[in-house]
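Read off the chains here:
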Amino acid sequence: MHHLWLIPFFPLAGFLVNGIFGRRFSKGLVSMVAVGSVALSFAWALKCLLALAPLETPHVERYFMWIQSGSLAIPYELSVDRLTAIMLMVVTGIGSLIHIYATGYMHDEDGFYRFFAYLNLFMFFMLTLVLANNYLLLFVGWEGVGLCSYLLIGYYFLKHSASTAGNKAFIVNRIGDFGFSLAMFLIFITFGSLDFQKVFEAAKAVPVEVSAGMMTAICLLLLVGAAGKSAQIPLYVWLPDAMEGPTPVSALIHAATMVTAGVYMVARSAAIFTKAPIAMETVAWVGLATAVMAATIGMTQFDIKKVYAYSTVSQLGYMFLALGVGAFSAGIWHVVTHAFFKALLFLGAGSVIHALHHEQDMRNMGGLRTKIPITFAVLACAWIAISGVPFTSGWYSKEAILGAVHHHSPLMYWIGVATAAVTAFYVSRSMFMTFFGEYRGHAHPHESPPVMWVPLAVLAVLSLAGGFLFNVPHILEPLFPVEHGGHDIMLEIIGSAAGLVGIGLAYVMYVASPGLPDSISSSLGGVYRLVYNKYYVDEAYDATVVRPLVSGSRTGLWQFGDVWLIDGVVNGMGGFARWIGGGVRTLQSGSIRSYAAWVVAGAVIFIIAAGAIAGSNGGLR
Amino acid sequence: MPPIPLPTAVPLTYYLILSAILFALGVAGFLFRKSLITVFMSIELMLNAVNLTFVTFSYQHKQVDGHLFTFFVMVVAAAEAAVGLAIILTVFKNRGTLAVDEIDSLKL
Amino acid sequence: MTLLDIVLFLPLVAFIVILALPKTLSRTLALATSMGIFIVSLGLLAPFLGKPTSAVSFETNLIWIQSPAIRYHISLDGLGLWLLLLSTMLTPLCVLISWNYITDRVKEYYAFLLLLEFGVIGVFVSMDLFLFYVFWEVTLVPMYFLIGIWGHDRRIYATVKFFLYTMAGSVLMLAAILYLYSRAGTFDYPMILQLLSSGRLQLTAAEQLPLFLAFFIAFAIKVPLFPLHTWLPDAHVEAPTAGSVMLASVMLKMGTYGIVRFCLPMFGNAAHQCAPVIIALAIIGIIYGALVALVQPNMKKLVAYSSVSHLGFVVLGIFTFTQQGMDGAVYQMLNHGISTGALFMLVGFLYERNHSLEIKSYGGVANVAPVLSVIFMVTTLASIGLPVLNNFVGEFLVLQGAAIVSWKYAALAGLGVIFSACYMLWLYQRAFFGEAGEGVRHHITDINKRELLAIAPLVILMVWMGTGTSLFLKPITAVNAQILEQSKINVEYQVKAPPAPSAEPAPATTAAVVEVARAR
Amino acid sequence: MLVNFTPPSASEYIRVLPEILLTVGGTILMIAEGLAGERHRRGLAPMALAFLLLALGGAVVAGMDPGPAFNNMLTVDGYATFFRLLVLIVGILSVLISGSYLTRENADSADYYALILFSLCGQSILASANELIMVFIGLEISSIATYVLAGFLRNDKRNNEAAIKYFLLGSFATAFLLYGVGWIYGVTGTTNLQEIHRFLTSSESVYSPLLVSACAAMMFVGFAFKVSAAPFQGWAPDVYQGAPAPVSAFMTAAPKAAAFAVFLRVYSIAFSGLTERWQPILWVSAMATMVIGNFAALRQDNIKRMLAYSSVAHAGYVMVAVVAHSEAGVAAAMFYLASYAFMNLGAFAIVTHYVGKGERYVGIDDMAGYARQQPLIAALFTWFLLSLIGVPLTGGFFGKFYVFKSAIDSNLIWLTVLGLLNSAVAAYYYLRIIVVMYFHEPTNETGAAGPVPAGVRLALIGSAIGVFVLGVMPSAVLEFANRSAMLSR
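The rules behind the values
- Note that residues are indexed from 1 along each chain, following the sequence as it is written.
- Just so you know, chain letters begin at A and ligand numbers begin at 1, following the order they were written in.
- Note on the predicted model: pLDDT of at least 70 is required for a residue's local features to be given, and 80 or more for side-chain atom pairs to be given and counted; whole-chain, interface and lining totals, by contrast, use all residues.
- Computation of side-chain values covers all heavy atoms of the structure but excludes hydrogens and water.
- Numbering of helices and strands runs from the N terminus, with a helix taken as a DSSP run of H or I at least four residues long and a strand as a DSSP run of E at least two residues long.
- We call a residue buried when its accessible area falls under 20% of the maximum for its residue type, exposed when it is over 50%, and partly exposed in between, using a 1.4 Å probe and counting protein chains only.
- Residues are treated as being in contact if the distance between any of their heavy atoms lies within 4.5 Å.
- Each accessible area is a Shrake-Rupley result for a 1.4 Å probe, and residues are judged covered by the shown protein chains and nothing else.
- Residues counted as positive are Lys and Arg, residues counted as negative are Asp and Glu, and His and the chain ends are not counted.
- We put the charge of a Lys on NZ, of an Arg on CZ, of an Asp on CG and of a Glu on CD.
- By convention, the term buried area covers the 1.4 Å-probe accessible surface removed from two parts as they join, with the contributions of both added.
- The rule for a salt bridge is simple: a side-chain nitrogen of Lys or Arg has to be within 4 Å of a carboxyl oxygen of Asp or Glu.
- Any pair of N or O atoms that falls within 3.5 Å is considered a polar contact. Within protein, one atom must be able to donate a hydrogen and the other to accept it, and sequence-neighbouring residues count only if both atoms are side-chain atoms.
- We call Phe, Tyr and Trp rings a pair once their centres come within 6.5 Å, taking the six-membered ring for Trp, and we label the pair stacked below 30 degrees between planes, edge-to-face above 60, and tilted otherwise.
- With a 1 Å grid spanning the protein atoms alone, the term cavity applies to any set of points in which a 1.4 Å probe fits but cannot get out, the term pocket to an open set with protein on both sides within 12 Å along at least five of seven lines, and the term lining residue to any residue with an atom within 4 Å of a point.
- Grid points are joined across faces, edges and corners, and a volume is the space filled by probe spheres set on the points.
- Classification convention: Asp, Glu, Lys, Arg as charged; Ala, Val, Leu, Ile, Met, Phe, Trp, Tyr, Cys, Pro as nonpolar; all other residues, Gly among them, as polar.
- Two strands pair under a simple rule: DSSP has to find at least two bridges between them.
- As used in this record, nonpolar core signifies buried Ala, Val, Leu, Ile, Met, Phe, Trp, Tyr and Cys residues forming a set joined through side-chain atoms within 4.5 Å.
- Only C-alpha atoms enter the line fits that serve as axes; for helices the fit covers just the stretch in contact. Angles between N-to-C directions range over 0 to 180 degrees.
- Orientation categories follow fixed angle ranges, with anything under 35 degrees roughly parallel, anything over 145 roughly antiparallel, 65 to 115 roughly perpendicular, and all other angles oblique.
- Rotating anticlockwise by less than a right angle from the far helix to the near helix defines a left-handed crossing, while the corresponding clockwise rotation defines a right-handed one.
- Only residues above 30% relative accessible area that lack a salt bridge enter a patch, with like-charged residues linked at up to 9 Å and the nonpolar side chains Val, Leu, Ile, Met, Phe, Trp and Tyr linked at up to 5 Å.

### With respect to the overall build of chain A
Right, so step 1: Secondary structure summary: chain A contains 26 helices and two strands in total.
Right, so step 2: C-alpha atoms of chain A, sized along the principal axes, occupy 120 × 60 × 55 Å.
Right, so step 3: Out of the 621 residues belonging to chain A, those deemed buried represent 60%.
Right, so step 4: Within chain A, contacts between residues at least 6 apart in sequence are counted, and of these 82% link residues at least 24 apart.
Right, so step 5: Accessible surface for chain A amounts to roughly 21,900 Å². Of this, 71% is attributable to carbon and sulfur atoms.
Right, so step 6: Here chain A holds 32 positive side-chain charges and 31 negative ones, and the gap between their average locations is 11 Å.

### Side note on the interface of chain D and chain C
Interfaces are often sized by the accessible area lost when the parts come together.
Right, so step 1: At the interface, 41 residues of chain D touch 39 residues of chain C.
Right, so step 2: For the chain D and chain C pair, buried surface summed over both sides reaches about 3,300 Å², with 76% attributable to carbon and sulfur atoms.
Right, so step 3: Counting every contact that joins chain D to chain C gives one salt bridge.
Right, so step 4: A salt bridge links Asp104 of chain C to Arg372 of chain D, with the shortest nitrogen-to-oxygen separation between them at 2.7 Å.
Right, so step 5: One can count five residue pairs in polar contact (both at pLDDT 80 or more) joining chain D with chain C.

### Remarks on the packing of aromatic side chains
Right, so step 1: Scanning the model with the defined rule gives 123 aromatic pairs over all chains in all.
Right, so step 2: On the numbers, 5.8 Å between centres and 15° between planes, the contact of Tyr101 of chain A with Tyr105 of chain A is stacked. A residue pair is termed a helical-turn pair when its members lie 3 or 4 positions apart in one helix, as Tyr101 of chain A and Tyr105 of chain A do in helix α3 (residues 82-105) at four residues. For the residue pair Tyr101 of chain A and Tyr105 of chain A, the accessibility class agrees, reading buried in each case.
Right, so step 3: Aromatic side chains Phe302 of chain A and Tyr532 of chain A sit 6.2 Å apart centroid to centroid with 55° between the ring planes, which places their arrangement in the tilted category. Residue Phe302 of chain A is located in the loop between α13 (277-300) and α14 (304-324), and its partner Tyr532 of chain A is located in helix α24 (residues 526-532); the two are separated by 230 residues in the primary sequence.
Right, so step 4: For Phe302 of chain A, a relative accessible area of 16% corresponds to the buried category.
Right, so step 5: Here the aromatic residues Phe64, Trp66, Tyr76, Tyr135, Phe139, Trp142, Phe180, Phe185, Phe196 and Phe200 of chain A together with Phe392 and Phe396 of chain C are joined through ring pairs into a cluster of three or more.

### Looking at the arrangement of the chains
Right, so step 1: Considering every one of the five pairs of chains in contact, the largest contact total is recorded for chains A and C.
Right, so step 2: Here chain B and chain C are not in contact; the least distance found between their C-alpha atoms is 25 Å.

### Side note on empty space enclosed by the protein
Right, so step 1: Inspection of the entire model under this criterion finds six cavities of 30 Å³ or more.
Right, so step 2: If you add up the space inside the largest cavity, you get close to 180 Å³.
Right, so step 3: Contributions of two or more residues to the lining of the largest cavity are made by α5 (135-153) and α6 (160-191) of chain A together with α17 (390-405) and α18 (407-432) of chain C.
Right, so step 4: With six residues, the top contributor of residues to the lining of the largest cavity is α6 of chain A.
Right, so step 5: Within the lining of the largest cavity, the residues separate by chemical class into nine nonpolar, three polar and four charged.
Right, so step 6: Here the second largest cavity is characterised by a volume of approximately 60 Å³.
Right, so step 7: In this structure, the second largest cavity is lined by Gln123, Leu126, Leu139, Ser142, Ser143, Thr146, Tyr166, Lys226, Pro255, Lys256, Ala258 and Ala259 of chain D.
Right, so step 8: Every element with two or more residues in the lining of the second largest cavity is listed here: α5 (110-128), α6 (132-150) and α11 (245-270) of chain D.
Right, so step 9: Its residues assigned to classes, the lining of the second largest cavity comprises six nonpolar, four polar and two charged.

### A short note on the pairing of strand β2 (residues 70-76) of chain C
Walk down a regular strand and you will see the side chains alternate between the two sheet faces.
All names here are of chain C.
Right, so step 1: Among the seven residues in β2, seven count as buried, and that is most of the element.
Right, so step 2: Burial along β2 is two-sided: the face carrying Ile70, Tyr72, Ile74 and Leu76 and the face carrying Arg71, His73 and Ser75 are both buried.
Right, so step 3: For strand β1 (residues 57-65) and β2, the ladder comprises six bridges, and the chain directions are antiparallel. When the bridges of β2 are listed, Ile63 appears paired with Arg71.
Right, so step 4: Where β1 hands over to β2, the hairpin turn is made up of four residues, counted between the paired strands.

### So, the nonpolar core
Right, so step 1: With 682 residues, the main nonpolar core has Ile272 of chain A, Phe215, Met266 and Phe319 of chain C together with Phe176, Phe271 and Trp278 of chain D as its most contacted residues.
Right, so step 2: Ranked by residue count, the leading element in this core is helix α14 (residues 327-354) of chain D, at 20 residues.
Right, so step 3: Sequence-distant contacts of Ile272 of chain A, defined by excluding residues within four places in its chain, comprise Tyr135, Ile187, Phe191, Val199, Phe200, Ala203, Met215, Ile218 and Cys219 of chain A.
Right, so step 4: Judged by nonpolar contacts, the second largest core, of 20 residues, contains Leu321, Val325, Ala420 and Ala421 of chain A.

### Observations concerning the interface of chain C and chain A
Right, so step 1: Taken residue by residue, the interface counts 63 residues in chain C and 47 residues in chain A.
Right, so step 2: Both faces considered, chain C and chain A share a buried interface measuring about 4,500 Å² in area, 70% of it formed by carbon and sulfur atoms.
Right, so step 3: Where chain C meets chain A, there are one salt bridge.
Right, so step 4: Between Asp567 of chain A and Lys161 of chain C there is a salt bridge, with the nearest N and O atoms lying 2.6 Å from each other.
Right, so step 5: If you look at where chain C meets chain A, you find 21 residue pairs in polar contact (both at pLDDT 80 or more).
Right, so step 6: Among the elements that take part in the side of chain C that touches chain A, α18 of chain C stands out by supplying 16 residues, more than any other.

### Focus on the packing of helix α14 (residues 323-354) of chain C against helix α16 (residues 370-383) of chain C
All names here are of chain C.
Right, so step 1: Where α14 meets α16, the axes come as close as 9 Å, and the angle between the chain directions of the two elements is 150°. Comparing their axes, α16 and α14 come out roughly antiparallel. In this structure, α14 crosses over α16, and the sense of that crossing is left-handed. For the pair formed by α14 and α16, the contact residues are Ser339, Ala342, Leu343, Leu346, Val347, Phe349 and Leu350 on the first element and Leu372, Ile375, Phe376, Thr379, Ala382 and Ser383 on the second.

### Here's the deal with the pattern of salt bridges
Right, so step 1: Here the structure, examined in full by the defined rule, presents 32 salt bridges over all chains.
Right, so step 2: Note that Lys304 of chain D is salt-bridged to Glu359 of chain D, the shortest N-O span being 2.6 Å. Of this pair, Lys304 of chain D sits in helix α13 (residues 303-324) while Glu359 of chain D sits in the loop between α14 and α15 (370-373); the two residues are 55 residues apart in sequence, bridging distant segments of the chain.
Right, so step 3: Overlapping salt bridges bring together Arg95 of chain B together with Glu161, Lys165, Asp238 and Arg305 of chain D as one network.

### Topic: the side chain of Ser463 of chain A
Right, so step 1: Relative to the assigned elements, Ser463 of chain A resides in helix α20 (residues 450-469).
Right, so step 2: You can call Ser463 of chain A buried: its relative accessible area is 0%.

### Regarding a nonpolar patch on the surface
Residue and element names in this part refer to chain A.
Right, so step 1: The grouping of Tyr507, Val508, Leu516, Ile520, Leu524 and Val527 at the surface amounts to a nonpolar patch, some 490 Å² of accessible area in total.
Right, so step 2: Within the residue set of the nonpolar patch, elements represented by two or more residues are α22 (489-512) and α23 (516-524).
Right, so step 3: The element contributing the most residues to the nonpolar patch is α23, with three residues.
Right, so step 4: Summarising the element assignment, Leu516 is placed in helix α23.
Right, so step 5: The exposure class of Leu516 is partly exposed, given its relative accessible area of 33%.

### Brief notes about the pairing of strand β2 (residues 72-80) of chain A
All names here are of chain A.
Right, so step 1: For β2, the buried fraction is high: eight of the nine residues fall into the buried class.
Right, so step 2: With eight bridges connecting them, strand β1 (residues 59-69) and β2 associate as antiparallel partners. Looking at β2, one finds that Glu61 is bridged to Leu78.
Right, so step 3: In sequence, β1 turns back onto β2 through a hairpin of two residues, with Gly70 there showing a positive phi of about 60°.

Rendered as structure tokens:
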């Protein structure tokens, strides 16, 4: 026993302490509890991992039974293998940094304790998610992080848009979870267990499905779940709106950790996915389509956080692409590096926003390079990392993905490369609009306090050197054997060039000749508007699903079905009874002669009926 | 005491038919007459039809029981008449009418 | 006399005592007695704490009426246990939430509350069909008055509808009980089961189906199963808070309890035969209830329709005839009792402050009543089936059971889980988020100690039952396994020719009864 | 045959002790009034009560030595004793609620009590009649006294109308009965029930079943009329509404119970060979009675008329037991009538008090807020109404239960189901009174909500206890009924 349960327990304790007593604590105490609990969790995770190294096989700890019903047994069981180890380090490590950052960022907010309570709760669920040893426990974390996401998006609950965005996130995630739970049911029916070891062991014996079958069904349903959590087509719509939450939340939940849960889950279920090529192909295409679509939208947005949000969607698509082509370790590698640079991008953006007193529109920024130099410096690291400048962390993972994709399908590869260029373009665009040129805003920018920029610096280092330091595919070798051959220098050059082309193009358009973007967008006209308005997907969902559902429920089901029809029948029966009563009453005319007539009629009927019945039994005896 | 022989020309059935006709007349009278008194008398007619039946059967069975029953019926009819007429009287006093059809304030 | 007898009759004693003493004491008396009853009833847990068993405990079997033999036969097993404890727990809570709310005819109010407790406990422990029916009907009366006297504007319509709806169903059940007696020669339920299982009493297809339907319709009205649900929104909206709580938490469970307890073991064949239709209705109810809840402008109505949806899960689970489905269904009964009970309480708290049940009269409550808002949020989350809270376990097991039968059932019912998030979160957003309006700022205060005391046990249970299920689930699983065994399709069901209808119970049957009685 | 006449023995006189006591009592009451004059009218009700209690004791004494009396014209068995006790208890309760009513209407009179006693005497005879002429005589004694009671307040138009309707139609129906009796006598040569049965079932007898069925039909017209079974129920609502409230209370319970008693006896003894053929007809009649009673009651606003229709409906339930045609059915009918007597008397007792002088407050809405003015009385009323609905733990429930159980045992499944559904419909109109009493606020136009007189209170307590005992501990009464129900043996 290594008491793995302590890893999620620390943040849970932090949540409880801050949640219950936080209102009476000073901000310092709240910060200490919150940061301390996550740091402890990080430390404990590190300790466990060091003790467990080299972790060739999973280490499982069982505590007690959670649900037992017939053959279905779900224990509280945590396990660590190398995949989990990586996720643990990312979650607790980046989590700690963001917690520290947030103590500075959120300093002036009301409900400071509430924020950190939620954030700790998130850490608890996220750690449960990665440590779980069965699907149901994973699902606990899965839904739990969704809840925290909901709570934190709606943190500014006075704003209608914030609470709406929270609802949207939760409900869209619910749709994904619906798929996930169906997948779980099928897994239990097929394998008789939800336990990872048992399921994967059993899955190994299953032949690879050529046509769609049970494995394909399970995997596609898991994909639905993953698409919800990791914001893939068609369920990505919640993530851009989720930027209503405070920026550290965007960094932690909606960039670094939670949204990669889908990637983690698919990688975790690799044993099943490899048996379902159709599903794998679907995963790849969904990922690719998401990457392209989100990247194009990212080029047109002006809200700095929205740009990064679409960038996240796009990068997640990249990861799914990797998973789909069977490069699970490359996908996870990208999860790690993306966590570094995207967290940094968001936190940096947060620093900018903080500096500009909650200004998020890039058209009101510019020239901040000199005003907030530290922020600029760290952001620049993230910038080159995401753009795939050689030897940065992003470059390593992206090249790994593209290499695998090329191996799988050249068509996908070229689309992927184009996307990489677009990615570099929009990130560079945001950097140029923010930090170069003239300052277009009115607020007085001020540099963030050290508590904010120190974590940024750490992340900056990781963004630059992360890929070099952590060779994820190598670590994951026991789990996901690397199939294809060594590096192809040509491919790496193409990939690197794509990034540089993107940066260059952005430089031309936003620094060298600033009038160019407008002329291009106006010349594109309808296409530009389509992309600018995010392909009108939200509007389409609203018109085809949400509004028909609500109005149909109101008029069709409730007012017509329930009140008019069903209740009408019920009350109608009452009315019918009264109507009969009214009819029966008229027999009682009050007239003696009519009563006498009834007596006579009754007598006659009695005699005839009795006679008829008697007659049928024979006459005289 | 041997029963007095009846004229053979009149079979017992005739008495029964007569009583049935009387009974039916009573019923018809109850149903179709408009005055309370007549209606009441119709009931008496029905009871007398019954009496005739009893006597006839009594004769047929060579028993006295039926004759006895007739007296019971007559006594009861007398009591009924006393009460009935008294009730009719109070109705007339209160309403000033003896029409059956006007006594229908309690209804529905 | 066992502990169960005491627990059963204490509320009746309390009822009489409250009526007898002056009304200034009623409130305190009601709280004290109902608390006492709850504490005593905890003693009933003792035999169920060990290893799972389907055996009954606390059995009392006395003759009540000689001929026809009606027995005072009560006992407790894992199925009745938790529902009983739920009832005894909720009664003191209901007293607490009525503390200041009820000012008119106080004595009668608390007396009826205790009488209601008596009735529901009786329902959950009766092992004689006749006795069961008696308690079943007895519960109607106090609820009728609770809604009728202390309800809102349209209370009379609602309460009469409630009474007649239930009555119409239960008379059918009475007819079925009588018919069973004429065939089995006894009302004693375990004895009937024994006769059925030993084959000495065989019900033909032509008999089972009507009997099953008679029982089932009575229960389905109570559940309520779509489309027999329309009494529920009216009754809930008009009832006083405690009435809604008892109605939702306990009385609806009487229906599902009855299905599990009686319909399945006695009429397994007919139940199997009808299962597709019933499952279809349950699923319609799940989706329909959720969608209608989505568009309700009235909070209580919203919660009421959500009950229709939630109870659909219970019925679905039962008729999957799988261990998981049934366990989930029974668990979900308890969960719904706790989370919906809590929701009604919370809505009641809001009503006491702002005197409105319309969602649009609220908004921004979170600003002025943070603790209330947090509790409401937890309850909301429990209600929509968030993991680590209670409803999740039940819904998961039900859906797993449904999926074993057909993935389509699980898929359709799973939609209900999505919609539940929609309507609850939308409600929460509209009522609690945003800027606090004038009315809200003036009238809404945060939860007070008494209210906190009333709701806290439920919140604790939500977490407990979501994370540590084994205490609760073990006795349930054991009983359900037995019921599943009893409801196995009897192959002779279709082939046996119907016996000639007999005016009196066949001698063989009577002899069998005597024999069984001796064996006991 | 009068040839072998032997004078009746002393034990035979003891067997008609209640009848003797009632007759003597009634006569003494009438004489006493004349002797004592106006001032002592207050003593009349207690005196009547005393005689009734004596008669009750007499019935018990008579019941202890069962056997035939007077040449087998009467038979005192458990069955007879059950109904004697029942009607006498109804009589006692009726007298209890009558005193204050009569005083209020300025109609204190010994005649009233004497008539009640005489009526009970007739019913007592009916309960023990073993011969068709005795049936007729008992019926008439009971009815003639009741005709007068129905119109007791001579100057009240409603009373007049009730009396004349009841009188004319009652006599009319009785004539049918008598005509049937005449023909039965003609066919079988006897009026004794056992002998009729023997004749009809003997293989040596020659008769036309058609004719016998017709005779039986004529007789059933008379009985069905008295029990207000459809289609002969027409008079009942009008008369019960029009008669003075305490008289309605009496009429809906006692004569009806006695009529059922004799109906069942004749049906199960004399025509027991024929009864299978009757089932379908009675089935329809029972069904129609329930439907007419319950559904018409849905539309009533007058509380007396509503209870009158309810009385019709309850007769329908008892008819179900008659249709069952079994010992269980007879026992169920007996039990039902007993429990109905209590709950109905209880309900009418409250109505009697509530309607006020001149019976002004007969609308259901007049009871608005009664629960606030008289919580205890309202609670008792609720108790009776719940019993009338048939909610468990009340006598009414067990009554229904036994009735429908006997029906199921006789395989009358549809009748049971429809009957039970009817009882669900009935719940609505009973609930309406509860709604008005409890859920409405009192208005200025409410009735006599004053304190309840002692007599009424006593009757209420008695009825409530009766309903309770029959509802919770029905064993004793049911046991009695079961043992007494073996009529044909």
